[in-house]
Protein chains: 2
Amino acid sequence: MVDTIRNVLIPVENGYDTVDVQVVDNAIAAISPGCDATNSAIDGKNKLLLPGFVNAHTHSSEMWQRGIMSVFPLELWLAELYDFAPLDIEKVYLSALGTAVETLLSGGTTVVDHLVLIPGKELETIASAVRAYKEVGIRAFVAPLIQDESLSAGIPSGESEQIHEPYFRSTQATLEIISEAVKQFHRPDEGMYIATAPTGIQLCSDALFTGCIELSEKYDLCRHSHLLETKAQEKLAQEKYGCSAVEHLKRIGYLSDRTSLAHCVHLTEADITILAETKSTVVHNPLSNLRLGSGIAPILKYRQAGINVTFGCDGASSNDSQDLLEAIKIGSILHNVTDSDYQHWITPRQAVEMASLGGAKALNMTSELGSLSVGKKADLVMYDLTSLSLLPRTDPIGLLVLGRPTNVVNSVWVNGKQIVADGKVKTIDVDNLRQELFNHSQWQTTRKSQTVAQIEAHYRTVMNLS
Amino acid sequence: MVDTIRNVLIPVENGYDTVDVQVVDNAIAAISPGCDATNSAIDGKNKLLLPGFVNAHTHSSEMWQRGIMSVFPLELWLAELYDFAPLDIEKVYLSALGTAVETLLSGGTTVVDHLVLIPGKELETIASAVRAYKEVGIRAFVAPLIQDESLSAGIPSGESEQIHEPYFRSTQATLEIISEAVKQFHRPDEGMYIATAPTGIQLCSDALFTGCIELSEKYDLCRHSHLLETKAQEKLAQEKYGCSAVEHLKRIGYLSDRTSLAHCVHLTEADITILAETKSTVVHNPLSNLRLGSGIAPILKYRQAGINVTFGCDGASSNDSQDLLEAIKIGSILHNVTDSDYQHWITPRQAVEMASLGGAKALNMTSELGSLSVGKKADLVMYDLTSLSLLPRTDPIGLLVLGRPTNVVNSVWVNGKQIVADGKVKTIDVDNLRQELFNHSQWQTTRKSQTVAQIEAHYRTVMNLS
């Protein structure tokens, strides 16, 4: 299979060049002022070609609750979320399709789905998401979200004595599910990966982390977790370990160059040094950090310390979109208010590199992904620069990152296969998906979460809210 | 002229009702479960009807520089902006069209254009923007941006002795331009308004402010200015007046219930009390405040103090879009990180009210605009709830405010006239506009501003940047 993209703009050191890009099988075969195109040629005129971005942290099935979740901090929000989480394999499939489509149409070619599992149907949940991503053709890291402590254990106890119910499934049974998922679904050559993904220190025992480390080493899997998203988690780590969560994760050997950590809002200077030394990746989810009031992650400090940072949308009920360009824009400009020296601010070109090469680093795939380089896998996105939202013409990458691009993704290739053309997803019927999402839902107004009613008073006390 | 919108969702106190809405001439004539529609009926099924929002602060001609401006704080950014500002009446017209279209397609029915004037062609600049807004049919407050001090006077002098060139035009000549603009273009019955708009304390003398107050009283005009956007302006006010900018503006009588103030990032508690007492409006421009590193305006405090707050996109080279829904989303969720008590956070319904009724208050027009009420002017926006970005179905307003709505504006009425239908602007040819914006521009990379080169060292010194 050969595709040649003719006369497309690509960024080079001091501006842009107009080139032809040849894709052969699953890789970039040539980038040149004019390569021999005897096969189908794709018109790249007035278009910009970039390496695909990575939506490096999301929870696809949260899409069923976007727009409806109360304005709550994480701990109460999670309680509400789980009271109404979908328990239906078909819905998992549809929301994975939706997540894939929104990611593709906002510049992403890879999604990391920290997938909430339906209790008792864990492998079916994973199978359903895998099926959706294969059908769309997006590169997918399905990271089954696991824990072995019950939800209330995630809130610091403070001065009070708290007793938590044991989690419904044993640590060993949970690890066996992941092991089985690897055997059934982990197919790197096909762009489908399983990652080990203990949700975070707030709900996982050391035994679960250690089991995940073993699986990661045995099967060469990425590791993915939440880390210090809220002040409550910072308190909890001190209660649980007597040290910071990062120090504890380092001690048990969880941090590595294939470990990506979502959020990282409340880290100490010592924590920052540890993440840099272990070559761990921070996945920045600016929109959910704002929506849940978690805080502004100190991303400029991370970059100065040499930590790899990339972007995620986070689940669609804490954002509430899956638009990666939105996450990149806000995740860049947000930090200008944290450092008065503008020489430290993230430029649009740096943001693009964080979203592409930074994403590849998070997945330990820099030799295969993340830049327009001959020999790398052809995960490419071509943007239409004649969209009203990208006009008048100025700096294409500046417009893409700092603007509010709408209907700008013209074409997408993943693993060399073109799956979006003329702005339309070719692999699935998106109108049919819209109809299915419509049919499986109904307009709602307020709901009341029973769990929130039970835990809110304790939460307010321990967080010193009057 | 009669339009009847049938079976459309509207928000009511405890959820949504499905109603028919009748528009007769320029007003809402009826809202009922089913009114007598013998005239043309518009299908509102699976759609949401809201009062139009106000894009309460922008500078339309900045659209020519979106995507290309350096990552700078306001003072350096302004220097770069003015070095490359368009000096061409045709460009002013095209960017006003573009601003109007992007505002309409993101829920806005009114725009407040703090319009940068081309020196020596001031009335032609105003005429050009007025023509564009009339052609599109959007309600427009053209607020010619005036000053009577030269740009370098806007930077605090600190310890140093600074000498500034006099401004090229006298205060009196400037006021005469505004007076003439009122006579030529101020036509409230036609939805076209001139506002007095001294840029702010940083570049205006008391004589200019006082002249604007007189014009405002004589012709019943709104007053619109920037206020305390940056820390540099806070310093400058102390140097200039020996008190805060707000105290000074109160003293000279500029603050009133028809005064709207863009930004308001650096206010004291005493300043907040003054804005509340004078019934002034704060126009929140969250995206440019982030982009320029100006800071996070304390919007939750303003709301608690009873100050009216509404949203603006700000000019497209400090944002760099004119998408009002983006400004509303970020302008709501941004503040969750400033107050740990989630009971103070802005809900989606409150955000909608700020953008509609809050906008009407800013313009002293609450009796005519800002809510779905029989007798008010029909400035209405109807959203298509079957867009992928608003699915699955949950809470329509939650999805609209917290999501990333794309292609969702189905219809817009301004002053009773339908100017958007089926997602397309009916009054102008948008494809032709795109072509014109394309033809009048070219892709660029970096530029070097001469003025920045002259003032950067002084700026870094006075702002204590090493």
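Notes on the structure in this doc start here. For every chain, the first residue of its written sequence is number 1, and the numbers climb from 1 along that sequence. Chain labels run from A onward and ligand labels from 1 onward, assigned in the order the entries are written. For a predicted model such as this one, the threshold for reporting local features is a pLDDT of at least 70, and the threshold for listing and counting side-chain atom pairs is 80 or more; totals across whole chains, interfaces and linings nevertheless cover every residue. The side-chain figures draw on all heavy atoms in the structure; neither hydrogens nor water molecules are used.

### Focus on the relation of the copies chain A and chain B
The superposition of copies rests on a least-squares fit of C-alpha positions from residues with pLDDT of 70 or more in both. Aligned on chain B, chain A shows an RMSD of 0.0 Å; the corresponding rotation is 180° and the shift along the axis is 0.0 Å. On this basis, the relationship between the two copies can be described by a two-fold rotation axis. Across chain A, the rotation axis passes nearest the C-alpha of Thr406(A), at a separation of 3.4 Å. Here 100% of the interface residues in chain A have copies in chain B that are interface residues too; the copies meet face to matching face. Contact criterion: two residues are considered in contact whenever any of their non-hydrogen atoms come within 4.5 Å of each other.

### Points about helix 12 (residues 348–362) of chain B
Residue and element names in this part refer to chain B. Strands are runs of DSSP state E lasting at least two residues, helices are runs of H or I lasting at least four, and both sets are numbered from the N terminus onward. In this analysis, the expected span of each helix is defined as 1.5 Å times one less than the number of residues it contains. With 15 residues, helix 12 should cover 21 Å at 1.5 Å per step; its first-to-last C-alpha distance of 20 Å lies within 8% of that length. Helix geometry: helix 12 is bent most strongly at Met 354, by close to 30°. Only protein chains enter the accessibility calculation, which uses a 1.4 Å probe. A residue is then buried if its area is under 20% of the maximum for its type, exposed if over 50%, and partly exposed in between. Of all the positions in helix 12, only Pro 348, Ala 351, Val 352, Met 354, Ala 355, Ser 356, Gly 358, Gly 359, Ala 360 and Ala 362 are classed as buried. After helix 12 finishes, the residue Asn 364 shows a positive phi value of roughly 60°. Axes are fitted to the seven residues ending at a residue and to the seven starting at it; the angle between these axes is taken as the bend at that residue.

### Quick notes on the nonpolar core
Ile126(A), Tyr133(A), Tyr383(A), Ile126(B), Tyr133(B) and Tyr383(B) are the most contacted members of the largest nonpolar core, which totals 256 residues. Residues in contact with Tyr383(B), not counting those within four places in the same chain, are Asn46(B), Lys47(B), Leu48(B), Leu50(B), Phe53(B), Gly107(B), Leu325(B), Leu400(B), Val408(B), Val409(B) and Asn410(B). Buried Ala, Val, Leu, Ile, Met, Phe, Trp, Tyr and Cys residues form a nonpolar core when they are joined through side-chain atoms within 4.5 Å. Ala56(A), Val112(A), Ala143(A) and Ala195(A) belong to the second largest nonpolar core, which has 16 residues in total.

### Thoughts on the sheet that holds strand 11 (residues 223–227) of chain A
Residues and elements named next belong to chain A. What the four strands build is an open sheet, ordered 11-12-13-14; its pairing is parallel. Of all the strands in the sheet, just strand 11 and strand 14 (308–311) have a single pairing partner and so form its edges. In this sheet, neighbouring strand axes are inclined to one another by 30° on average, regardless of whether the strands run parallel or antiparallel. For two strands to pair, DSSP has to find at least two bridges joining them. Here strand 13 (residues 281–284) runs beside strand 14; their pairing, made up of four bridges, is parallel. Comment: axis = line fitted to C-alpha atoms, over the contacting stretch for helices; angle = value between 0 and 180 degrees taken between N-to-C directions.

### Some words on empty space enclosed by the protein
In this analysis, the protein atoms alone were mapped onto a 1 Å grid. Cavities are point sets where a 1.4 Å probe fits without being able to get out; pockets are open sets with protein on both sides within 12 Å along at least five of seven lines; lining residues have an atom within 4 Å of a point. Grid points are joined across faces, edges and corners, and a volume is the space filled by probe spheres set on the points. Under the definition given, this model contains 11 cavities of 30 Å³ or more. When its volume is computed, the largest cavity comes out at roughly 200 Å³. Lining the largest cavity are 21 residues, with His59(B), Leu74(B), Trp77(B), Leu78(B) and His226(B) positioned closest to its centre. For the lining of the largest cavity, the leading source of residues is helix 1 (residues 74–83) of chain B, giving five residues. Tallied by class, the residues present in the lining of the largest cavity amount to 10 nonpolar, eight polar and three charged. The computed volume of the second largest cavity comes to approximately 170 Å³. Around the second largest cavity, the lining is made up of 20 residues, and of these His59(A), Trp77(A), Leu78(A), Thr199(A) and His226(A) lie nearest the centre. Among the elements that line the lining of the second largest cavity, the one with the most residues is helix 1 (residues 74–83) of chain A, at five residues. Residue composition of the lining of the second largest cavity, by class: nine nonpolar, eight polar and three charged. Residues are sorted three ways: Asp, Glu, Lys and Arg are charged, Ala, Val, Leu, Ile, Met, Phe, Trp, Tyr, Cys and Pro are nonpolar, and all the rest, Gly among them, are polar.

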